[in-house]
2 protein chains.
Amino acid sequence: MADRILTSAEVPAYVAARPALRDLIDPGTLTVTEVGDGNLNLVFVCADATGRRLVLKQALPYVRLVGPEWPMTEQRAVREAAALEVHGALSEHVCKLVDFDPEAYVLALEDLSDHEVFRTRLNAGGAHEGVPERLAEYLADVAFGTSIASLTEAEFRGRAAAAINPELCEITEDLVFTEPFLGAERNSVRPALDTLVAELRADPAWQAAAMAMKRSFLSTQETLLHGDLHTGSVFVRGSAHDGDLSVRAFDPEFACYGPIGFDLGMLWANLLFAGARAAALGESARAEALFGTLDTSWDTFTQRLRGHWPKRRASERYPDAYLDGWLTAIRADAFGFAGCEAARRTVGLAKVSDLETLDDARYAVVGTAMLRLSRTLLVDRATLTPQRVAEAAAGELRAAERAPR
Amino acid sequence: MADRILTSAEVPAYVAARPALRDLIDPGTLTVTEVGDGNLNLVFVCADATGRRLVLKQALPYVRLVGPEWPMTEQRAVREAAALEVHGALSEHVCKLVDFDPEAYVLALEDLSDHEVFRTRLNAGGAHEGVPERLAEYLADVAFGTSIASLTEAEFRGRAAAAINPELCEITEDLVFTEPFLGAERNSVRPALDTLVAELRADPAWQAAAMAMKRSFLSTQETLLHGDLHTGSVFVRGSAHDGDLSVRAFDPEFACYGPIGFDLGMLWANLLFAGARAAALGESARAEALFGTLDTSWDTFTQRLRGHWPKRRASERYPDAYLDGWLTAIRADAFGFAGCEAARRTVGLAKVSDLETLDDARYAVVGTAMLRLSRTLLVDRATLTPQRVAEAAAGELRAAERAPR
């Protein structure tokens, strides 16, 4: 239980009482705005008279969206702070943690008010160039820095065990893996997808592949995952074109040790949603470019990990053939996890605005294409390539466009 | 640090002071024999005047074989006690834990003096029938009972994290995975194998496959493993023929959550050593029967797990196709781990008497065959079957017999 739940009026006194904060921002001239629009937490943007800014994020002991009748551990703030610290030491593409108060479960974070949420930009037709690749660098840096490639085995096992986050992981297990595939009361789709959802529910190969990915998520501990790396968990500012692109992953409260391909697969599925939305809106070149980011981000990921490879532990001079096999396994995993995300964001409880804000005709096209793509990504994950996924996405969209309604 | 290290003379007073023990055996008439012939611990066999018997096993803070200059955590006794308790509740084929003293790191165990070590029996040409199958039942019961098939996800994650055993696992990582394949001072073979060991050291595909199994061992948490299930970790008494066969796995101090295929693979490699030894000694029918135990034990394992399957958690009605895929993955893992064990017991620090007690000519045949089999098991693990492994074992032995020396 948090010592207390902050209000905007209490924030200046809170800042004044934290040595790590009161020198960074002036509690005496603070203006505070509560902006939490997520489902779980309070978020206060603080600015002082000299223009210095800071964000405070407090985990509540329940789901904010629902209220105290859905309790949820504030320990997620401990996991988020730990992930931000570890990831921030390995990559610049992570929101910076300034301070953590483990008694009130308050994180102090760099202010990113001049950034926008990547999904918001994508939905508005904004530039994506460079963002998937920066995120791939982040994931490769973390994959190397938190795995047995660079840690001793005993340290790795200790870190993985210390990072367990069972309550938050259970949400992922239910919402990403179980419910979309095996059925749940809280699933929903518009009528145009009813037939395809019934097909999913009667397709053991599709379901079994999803459950195999669930087993992988539950039983594989390779790296400290972000755990929820969709395009709504990324802040962006500027563009690669102007050379001032800034990319910051945030909100890693689902962080745990898990399979490397998980974050990559979540990201890929959300990029596929953005591309499918663009295609349905008639922006075919933009759709193609977005589908192409699976290839460019995978290329960035592999190059980055290969770049780290010579720094691997001296006692473990694994042959290069090992790295090739590892990358192949990571990619197959990532396709499988992308297949889970493609389905769950269409039929499960937590949907994406890319799809949900479309009119019924476009919803039918994008929803159908993403569900069919889910099956391909899952069942064929061991043999796919990013290019083949891009072709499959375009093909499913064309087929869904032509389908009688 | 243990409170004290027991001597035989101190055991009666120790038993008298433990409420869980003094009613089971009479401290006043106790005869105590120290029989520890393992590398790590003290083992006292206790008998009272009425013939009641009990075994006390105390973990020392160092490797007994080497002395205090090789320190080793006594926490292994905690892990062993926890594994015996969990496994014993799921299977009868486990040495029974009577009491555990976490302050002195003393386990009280059922006396199995009327049993013999399975490897000892095998080396003497004794009956193996039924033993691999009983062990396969044990592994299937544990695989079901300690995995997400029967535990809630949050409980599974909590149990896996609580079971970490990094110091003992590091021994496995070094001795089973790293050193035999990447080289180490403490490796050794007789001259007949020098050429083949040089081939291993120059074979990236063989090495990379072994390192992929190491990654799997480090990063997969599926079930509470025994962790060291070779034929020297199994007590047997009687025979399947007489209907009085008793099989008891013991010494699970390497227990940790790991991939289900690990224990099965360790066991299989040791059965292959027993079969190869029999072949080299001219007992061809016995060799064939021992090679055939991979198939019969795999069949038992799958039937047993399929038998548990309808009892899986009601909330998780995974399709049967999932079980098929899971079994296929377990089998491929088991072959890969068997390939590691086949090599490490030939070239690594900890060898097996099956091979080491052979004369030079037979050593060359068995060592060559087991090393070549290691490569097949590792590189082809995804496509092998138990029958094909049995054929490969027989084929490698014939080839090694014919080779000029």
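Conventions we followed
Residues numbered from 1 in each chain as written. Chains lettered and ligands numbered in written order. Predicted model: local features only at pLDDT ≥ 70, side-chain atom pairs only at ≥ 80, totals over all residues. Heavy atoms only, no water. Helix = DSSP H or I, 4+ residues; strand = E, 2+ residues; numbered from the N terminus. Rg over C-alpha atoms; globule rule 2.2 N^0.38 Å. Buried < 20%, exposed > 50% of the residue type's maximum accessible area, 1.4 Å probe, protein only. Areas by Shrake-Rupley, 256 points an atom, 1.4 Å probe, with all protein chains shown as cover. Pairing = 2+ DSSP bridges. Contact = heavy atoms within 4.5 Å. Buried area = accessible area lost by both parts, 1.4 Å probe. Salt bridge = Lys/Arg side-chain N within 4 Å of Asp/Glu carboxyl O. Polar contact = N/O pair within 3.5 Å; in protein donor to acceptor, adjacent residues only side chain to side chain. Nonpolar A, V, L, I, M, F, W, Y, C, P; charged D, E, K, R; others polar. Least-squares fit on C-alpha atoms with pLDDT ≥ 70 in both. Phe/Tyr/Trp six-rings, centres within 6.5 Å; stacked < 30°, edge-to-face > 60°. Lys NZ or Arg CZ within 6 Å of the ring centre and 35° of its normal. Domains from an automatic or database assignment. 1 Å grid on protein atoms, 1.4 Å probe; cavity = no way out; pocket = protein on both sides within 12 Å on 5 of 7 lines; lining within 4 Å. Points joined across faces, edges and corners; volume = space filled by probe spheres on them. pLDDT = per-residue confidence, 0-100. Expected span 1.5 Å × (residues − 1). Axes fitted to C-alpha atoms, helices over the stretch in contact; angles between N-to-C directions. Patch = residues over 30% accessible without salt bridge, like charges linked within 9 Å, V, L, I, M, F, W, Y side chains within 5 Å. Parallel < 35°, antiparallel > 145°, perpendicular 65-115°, else oblique. Left-handed = near helix turned anticlockwise from the far one by under 90°.

Asker: It is not clear to me how the overall build of chain A should be interpreted in this structure. Could you clarify?
Answerer: In terms of helices and strands, chain A carries 15 helices and twelve strands. Computed over its C-alpha atoms, the radius of gyration of chain A comes to 21 Å, within 12% of the 22 Å expected for a compact globule of 405 residues. For chain A, the spread of C-alpha atoms along the principal axes amounts to about 65 × 55 × 45 Å. Among the 405 residues that make up chain A, the fraction classed as buried is 60%. Summed over its atoms, the accessible surface of chain A is roughly 14,800 Å², and 52% of this surface lies on carbon and sulfur atoms.

Asker: Please clarify how the sheet that holds strand β11 (residues 246–249) of chain A should be interpreted in this entry.
Answerer: Through backbone hydrogen bonds, the strands of a sheet pair up, either in parallel or in antiparallel fashion. Residues and elements named next belong to chain A. Strand order in the open sheet made by the three strands is β8-β10-β11, with antiparallel pairing throughout. Strand pairing shows two members of the sheet lacking a second neighbour, β8 (116–117) and β11, which therefore form its edges. In terms of strand pairing, strand β10 (residues 234–237) meets β11 through four bridges, oriented antiparallel. Residue pairing across strands places V234 opposite A249, the latter belonging to β11.

Asker: Could you clarify how one ought to interpret the interface of chain A and chain B in this entry?
Answerer: Accessible area lost during the coming together of the parts is what is often quoted as the interface size. Tallying the contact residues gives 37 residues for chain A and 37 residues for chain B. Buried surface at the junction of chain A and chain B, summed over both partners, amounts to about 3,200 Å²; 61% is from carbon and sulfur atoms. For the chain A face of the interface with chain B, the top three residues by lost area are R157, R215 and L218 of chain A, together amounting to 23%. If you look at where chain A meets chain B, you find six salt bridges. For the pair chain A and chain B, the number of links is 13 residue pairs in polar contact (both at pLDDT 80 or more). Elements that contribute at least two residues to the side of chain A that touches chain B include exactly α6 (153–162), α7 (166–182), α9 (204–219) and α12 (320–347) of chain A. The element best represented in the side of chain A that touches chain B is α9 of chain A, accounting for ten residues. Of the residues in the side of chain A that touches chain B, the class split is 20 nonpolar, seven polar and ten charged.

Asker: When you look at the relation of the copies chain A and chain B in this model, what are you seeing that I'm missing?
Answerer: One copy of the chain maps onto the second through a rotation about an axis and a displacement along it. Turning chain A through 180° and shifting it by 0.0 Å along the axis lays it on chain B, with an RMSD of 0.0 Å. In the structure described here, the two chain copies are related by an operation that fits a two-fold rotation axis. Residue by residue, 100% of the interface of chain A is reproduced at the interface of chain B, so both copies engage with the same surface.

Asker: When you look at the packing of aromatic side chains in this model, what are you seeing that I'm missing?
Answerer: Two aromatic rings, taken as a pair, are described by how far apart their centres are and by the angle between their planes. Counted according to the given criterion, the structure contains 26 aromatic pairs over all chains. Between the aromatic rings of F262 of chain A and F337 of chain A, the centroid separation amounts to 5.2 Å while the plane-to-plane angle is 75°, which identifies the pairing as edge-to-face. Taken together, the positions of F262 of chain A in helix α10 (residues 261–280) and F337 of chain A in helix α12 put the pair 75 residues apart, joining distant regions of the chain. Under the relative-accessibility criterion, F337 of chain A is labelled buried at 0%. Here the aromatic rings of F177 of chain B and F262 of chain B are separated by 6.4 Å at their centres, their planes lie at 40°, and the arrangement is tilted. With F177 of chain B in helix α7 (residues 166–182) and F262 of chain B in helix α10 (residues 261–280), this pair connects stretches of sequence that are 85 residues apart. For the pair formed by F177 of chain B and F262 of chain B, the shared burial category is buried. Aromatic rings pair up to connect F177, F217, F262 and F337 of chain A into one cluster. The aromatic ring of Y363 of chain A is capped on one face by R190 of chain A, whose charged end is 4.0 Å from the ring centroid.

Asker: Hey, could you run me through the environment of Q75 of chain A in this one?
Answerer: Along the chain, Q75 of chain A turns up in helix α3 (residues 75–90). In this structure, the C-alpha to C-alpha distance between Q75 of chain A and R313 of chain A, residues 238 residues apart in sequence, is 33 Å.

Asker: Help me out: how do you make sense of the pattern of salt bridges in this one?
Answerer: It is possible for side chains of opposite charge to pair when their charged atoms get near one another. All names here are of chain B. Considering all chains together, one arrives at 56 salt bridges over all chains under this definition. D99 is paired through a salt bridge with R18; the nearest N and O atoms lie 3.0 Å apart. Taken together, the residues D99 in strand β6 (residues 97–101) and R18 in the loop between α1 (11–17) and α2 (19–22) connect sequence positions 81 residues apart. Of the two residues, D99 and R18, both sit in the buried class.

Asker: Looking at this structure, I do not really get the domain arrangement of chain A. What am I missing?
Answerer: Residues and elements named next belong to chain A. Under the domain assignment, chain A is made up of domain 1 (11–109) and domain 2 (116–402). The gap between the C-alpha centroids of domain 1 and domain 2 is 27 Å. In this complex, domain 1 contributes 20 residues to the contact, which on the side of domain 2 involves 27 residues. Per-residue buried area on domain 1 facing domain 2 is highest for R79, H87 and H93; these three make up 35% of the total on that side. The tally of links from domain 1 across to domain 2 stands at two salt bridges. Between E253 and R76 there is a salt bridge whose closest N-O contact spans 3.4 Å. At the junction of domain 1 and domain 2, the tally comes to ten residue pairs in polar contact (both at pLDDT 80 or more).

Asker: Quick question: what am I supposed to make of empty space enclosed by the protein here?
Answerer: In this approach a probe as big as a water molecule rolls over the atoms, and the regions it shows empty are the leftover space. Residues and elements named next belong to chain A. Across all of its chains, the model carries seven cavities of 30 Å³ or more by this definition. In this model, the largest cavity occupies a volume close to 80 Å³. I148, A149, W309, Y318 and Y322 are, among the ten residues lining the largest cavity, the residues nearest its centre.

Asker: I'm lost on the side chain of S147 of chain A in this one. Help?
Answerer: Relative to the elements of secondary structure, S147 of chain A occurs in the loop between α5 (131–145) and α6. Aside from chain neighbours lying at most four places away, what touches S147 of chain A is V142, F156, E222 and W326 of chain A.

Asker: Please explain the pairing of β6 of chain B as it appears in this structure.
Answerer: It is a general feature of regular strands that their side chains alternate between the two faces of the sheet. Pairing of β6 of chain B with strand β7 (residues 106–109) of chain B involves four bridges; the strand directions are antiparallel. Paired with D99 of chain B across the two strands is A108 of chain B, which belongs to β7 of chain B.

Asker: Can you walk me through the confidence of the model for chain A in this structure?
Answerer: Close reading of the predicted structure is inappropriate where its pLDDT is low. For chain A, the mean per-residue pLDDT works out to 95, and 98% of the residues sit at or above 70. The complex model carries a pTM of 0.95, and its ipTM stands at 0.92.

Asker: Sorry if this is basic, but what is going on with α3 of chain A here?
Answerer: Because the α-helix completes a turn every 3.6 residues, residues three or four places apart line up on one side. Helix length check: α3 of chain A, at 16 residues, gives a terminal C-alpha distance of 23 Å against a target of 22 Å (1.5 Å per residue), a fit within 8%. Taken together, the buried positions of α3 of chain A are R76, A77, R79, E80, A81, A83, L84 and H87 of chain A.

Asker: Help me understand the sheet that holds strand β3 (residues 53–59) of chain B, please; the structure alone is not making it clear to me.
Answerer: All names here are of chain B. What the five strands build is an open sheet, ordered β1-β2-β3-β7-β6; its pairing is antiparallel. The two strands at the open ends of the sheet, each matched to only one other strand, are β1 (31–34) and β6. Averaged over all adjacent pairs, the angle separating strand axes in this sheet is 20°, with direction ignored.

Asker: Sorry if this is basic, but what is going on with a nonpolar patch on the surface here?
Answerer: Taken together, the side chains of L65, V66, W70 and L349 of chain A define a hydrophobic patch exposed on the protein surface, amounting to about 360 Å² of accessible area. Tracing the chain through its elements places L349 of chain A in the loop between α12 and α13 (353–356).

Asker: How should the packing of α9 of chain A against helix α12 (residues 320–347) of chain B be read in this particular structure?
Answerer: If you want to describe how two helices pack, look at the angle between their axes and the distance between the axes. Put simply, α9 of chain A and α12 of chain B touch, their axes get as near as 8 Å, and they point 50° apart. Put simply, α9 of chain A runs oblique to α12 of chain B. By crossing handedness, the relation of α9 of chain A to α12 of chain B is classed as right-handed. Here P204, A208, M211, A212 and R215 of chain A of α9 of chain A come into contact with α12 of chain B, specifically with A321, Y322, W326 and A329 of chain B. When its residues are assigned to classes, the contact of α9 of chain A with α12 of chain B shows eight nonpolar, no polar and one charged.

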